[in-house]
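# Structural features, examined
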Amino acid sequence: MHSLKLIFVLNLVILLTQTDGRKACYEEDRKGLLELKSFLEIEQVNGSDHVLLPSWVDDRTSDCCGWERVTCNSTTGRIVKLSLFNLNGLYCFAAVASDLPNWNLTLFQSFKELKALSLASNCMRWKEKQGYLRLPQLETLDLSFNGLTSSHLHSLKKLKSLKNLILRVNFFNGSFPAQELSPFENLETLDLSMNSLRDSPKKFDSLNSWKLKDVMLSWNYFKTDIMRFLGSLPLLKSLDLSMNNMEGTLLNQDLIPFGRLEVLDLSGNQLKGGIPQNIGKLYSLKALYLTDNQFNGVLPVPGLCELRRLQVLDLHNNSFQGTLPPCLSNLTSLKILDLHDNLFSGSITPNSIPSQQFLQLLDISNNDFEGSFSLSSLFNHSKLVAVTLGSRGNKLQIDNGNQAGNPLFQLKELQLSNCNMKNAPHFLLNQHNLSWVDISHSMLNGALPSWLLENNTDLKSLSLRNNSFTGKLDPLPQHPISAMDVSYNYIDGHLPKDFGTTLPNLQYLNLSYNFFEGELPPSIGAMENLSILDLSFNNLSGEVPKALVENCTNLVRLMLDHNNFHGEFFSKHFNLSYIRVLKLGDNEFTGSLITKREFYSGMVVFDVSNNNMTGEIPNGIDASVLLLQNNSFQGQIPCEAFHNAQVIDISHNFLSGPIPSCLSPDNFAQVLLLDLRNNRLSGNILPLVSLLPSVLKFLLLGNNIFGGLIPRQLCLLRETSIMDLSNNSFSGSLPSCLSDVAFGNSHDFSVEFMFSYEGYTRGVDVFYYVYKIDFVTKNSVLPYTGSILSYMSGLDLSCNNLTGAIPESLGKLTSLHALNLSHNRLTGFIPVSFSDLSQIESLDFSYNNLSGQVPSELVNLNFLAVFSVGHNNLSGRVPDKGQFATFGISSYEGNPFLSGLPSEKNRSQVVETPLPSDETEEKWYYVDRTSFFASFVATYCVVLLTLGAVLHINPYWRRRWSQFIENCIYSCYYFVVDALRKLATNSNN
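What you see is a predicted model, and the numbers here were worked out from it, not measured in a lab.

It is worth spelling out the sheet that holds strand β13 (residues 247-249) at this point. On the basis of which strands lie adjacent, the open sheet formed by 4 strands has the order β13-β15-β17-β19 and parallel pairing. Either end of the sheet is taken by a strand with one partner, and the two such strands are β13 and β19 (319-320).

Next comes the structure, spelled out in structure tokens:
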């Protein structure tokens, strides 16, 4: 009985000291961990509700080898690894060194067998004379993302076994800390990247005794002389100097010391010139990264081709020129060849492609290659998994019609963007492992290759953007694809009824710029993972399915603009709380806007322009780009809105009343464009102008009922390029300080927003909003968009009740392109200083009470295309040189005291020529009407048929023609509306 009890006790002891066949935690280590936790709770944690290391408990029955962030030796039970990174969730990018907590290094001395310690991301430091960290077996120490400097390395000098030291993202600056690192006799890996180091050590004896093999110094400020210093490391195999401040040319002497180097990364610098010829002396080199520099010239031959061990050659995003050297085929070990975004030219020959034995990735896109390239020349590369081909301007012809046999590879990624092809490559029929396919901008035609989905069940992303695919979108197979883009094609017909249920995992879907018609199928609501949906610029109609706005709750960007949708979009079913870009413009939507303030939080683009929406603009509405124009909104401008807006367009509505006094500068703190034209707003604009930021670029208040004086505060908007106050009831004189406004000296006319999505885009998805402004100049309403606005500036004060003289100071607006002061009551003379308006294209002073002469100095205005001073009291002789020789009598009519008008000059030069006697019997202009009408009809039919044939054969010109007609209709509409409005204004006056 006693023996049974003894056995039971022994078994219990074993269970308490052993777990899963390993020895339990060493008692000294357990106490050390608890002491460390006690220190951390006092020094590190901010906030009483934060539970730090909850598994570390003072309980002898709790085995510390099972505690979080702890790894023990299964034989001895001693701790060999501690992962104490980011204990408090802080990062030290902007931390101030004096604010960092001091750590006690003696807390770690009880861990005698510790081999790996990570203290990264703790915003830590310690007193420089505190003592030494004594861990005799420590091999790896990670102190990255803290507040350390070179002086702190003194406390680590006793770590004689240290092999790997990671110090990235600290406060190291000045010279490379060679002296401080010299005690680490066995150090093999050093990471000092993302610090502020700049120089090589000025005084240091030798590095010959160092055992460093891998050195990472990226994201510092080193120059090329650091290479000559590190070249004396006898065992160096890998060197990363990417993203530094290296400038100038890479010299032969910079590379001479690196005979044993296997990896060299100099990407992301500002190096120029060519690659030194002696690059071939780096016989051991396996990977060479020179991306994102300013290298140019041709590739060094034979130097580069002597690197027989090279496995990675990445030269993308430089300015290398010339043809690809045939000797590249000698690089028999090459696995990755990336030359995209350079200036390589000529044809691509089979000899330009490395050996078929190991090549896995080939990217030579976005160069200037031309001629024909046969994909069959790659068929023997059995290990190939990623191919990217293409050329600027579609100059590279891809031959995919005569491939013999099937390729030996099974690709995972294929990009043939900007290639000149007619049909999808035939070899794709035999590819079954594709996960990413991009055959955009390649002139493909015929039916959409839906068989790509059938053959590749792992396909994640498919882009067939900007081709010439036609026909209907046939029912697709059930597929887990997450991204599909078939925009800018000629696909028509209805979307399949089961479209949403067959592709339920889509996160990104772009069908824009096609000819889809009919209603959206309700099944689209089954795409519950959608983040981006773009159906813009189609002929879709009907109401938006409630399943879309109710179930697709992950939508971040929804573009339905330029269709024929109708109905109430913001219905009770609306549930898109994460939306950041919502474009509903140019449809027939009705109803009112959503009133929930939280809906507009974080909104980037909110566009409901050109619809039939009604009601008041709600408080809380906000977006970086807010487009509400051409609806039937009424009421006043909301008081609590626009806090993050850069673009506000509420023109062509029925807003009324004065500017609310409840508005504050916060409402317009970031606004760059404000368009309130064509409403019924009244009162003085001073309350509004005083709230606008000085960086405002476009102020458009025309066609309202504003009155009173033009406030001098307008002159504080010094960066404004276009200002429209026309068709109001402003009175008083023109502020002379308007000469302080830039009017054309600012050139940033786009807003860029960045989104990051995982799974279907590479890197960052950038969304641009480009300004578009309609402005009256040269007697027409002209649209100005994007970069064109960089060249356009204008001031329109026409159709008001302004009096007094035109200020001479306005002649200082040397960048102004259009000035319209017509239909006012201005008096005095036309300022001679206007001859300094060197960029002016349109000047309109008509319908005023100006007197005096037209200054002859205005003939120096070489860009003046439209000039109107009609209906004034001008006198004297009009200029007749320069651009003034091109103006007709309409520019001067209504001034009876002007002389030298175009009609008089022309009349004096007319000489009547008598008809010959044989022609007097019959009228010289006699025409056979039958022949004339017959030839006219025949010519008309031939032209019409020719035009129809061209548009039928060439889909590109068909699209351009339809866009031209649409723009003409749009321009004519606004011209007629503006003319009718002016006629009504004149009749009222």
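The next subject is the state of the cysteines. Should the sulfur atoms of two cysteines be covalently bonded, the bond is a disulfide. In total, this model carries 5 disulfides according to the counting rule given. Here Cys65 is linked by a disulfide to Cys72, with a sulfur-sulfur distance of 2.2 Å. Residues Cys65 and Cys72 are joined by a disulfide whose S-S torsion is about -95 degrees; by sign, that bridge is left-handed. Here Cys65 matches Cys72 in class, with each residue buried. What pairs with Cys305 in a disulfide is Cys327, and their sulfur atoms sit 1.8 Å apart. Disulfide Cys305 to Cys327: torsion about the S-S bond roughly 50 degrees, handedness right-handed. With Cys305 in the loop between β17 (294-297) and β18 (312-314) and Cys327 in the loop between β19 and β20 (336-338), this residue pair connects regions lying 22 residues apart in the sequence. Pair check on accessibility: Cys305 and Cys327 agree, each one buried.

Moving on, we get to the pairing of strand β47 (residues 654-657). Note that strand β45 (residues 632-635) and β47 share 2 bridges and pair parallel. Across the sheet, residue Gln634 finds its bridge partner in β47, namely Phe654. Sheet topology note: the β47/strand β49 (residues 680-683) ladder contains 2 bridges and is parallel. Each residue of the ladder has a partner; that of Ser656, found in β49, is Arg680.

Within this structure, the stated rule accounts for 14 salt bridges. The salt bridge involving Arg30 is made with Asp58; its shortest N-O contact spans 3.5 Å. With Arg30 in helix α2 (residues 27-43) and Asp58 in the loop between α2 and β3 (70-72), this pair connects stretches of sequence that are 28 residues apart. Its relative accessible area of 6% is what places Arg30 among the buried residues. For Asp58, a relative accessible area of 67% translates into the label exposed. Among the ionic pairs, Arg718 bridges to Asp740, the shortest N-O distance being 3.9 Å. Note that Arg718 is positioned in the loop between β51 (705-709) and β52 (722-724) and Asp740 in the loop between β53 (729-732) and β54 (750-755), a separation of 22 residues in sequence. Take Asp740: its relative accessible area is 38%, and that puts it in the partly exposed class.

About the thresholds
Residues numbered from 1 in each chain as written. Predicted model: local features only at pLDDT ≥ 70, side-chain atom pairs only at ≥ 80, totals over all residues. Heavy atoms only, no water. Pairing = 2+ DSSP bridges. Helix = DSSP H or I, 4+ residues; strand = E, 2+ residues; numbered from the N terminus. Disulfide = S-S within 2.5 Å. Buried < 20%, exposed > 50% of the residue type's maximum accessible area, 1.4 Å probe, protein only. Salt bridge = Lys/Arg side-chain N within 4 Å of Asp/Glu carboxyl O.

Without other data, these values stay purely geometric and don't point to any function.
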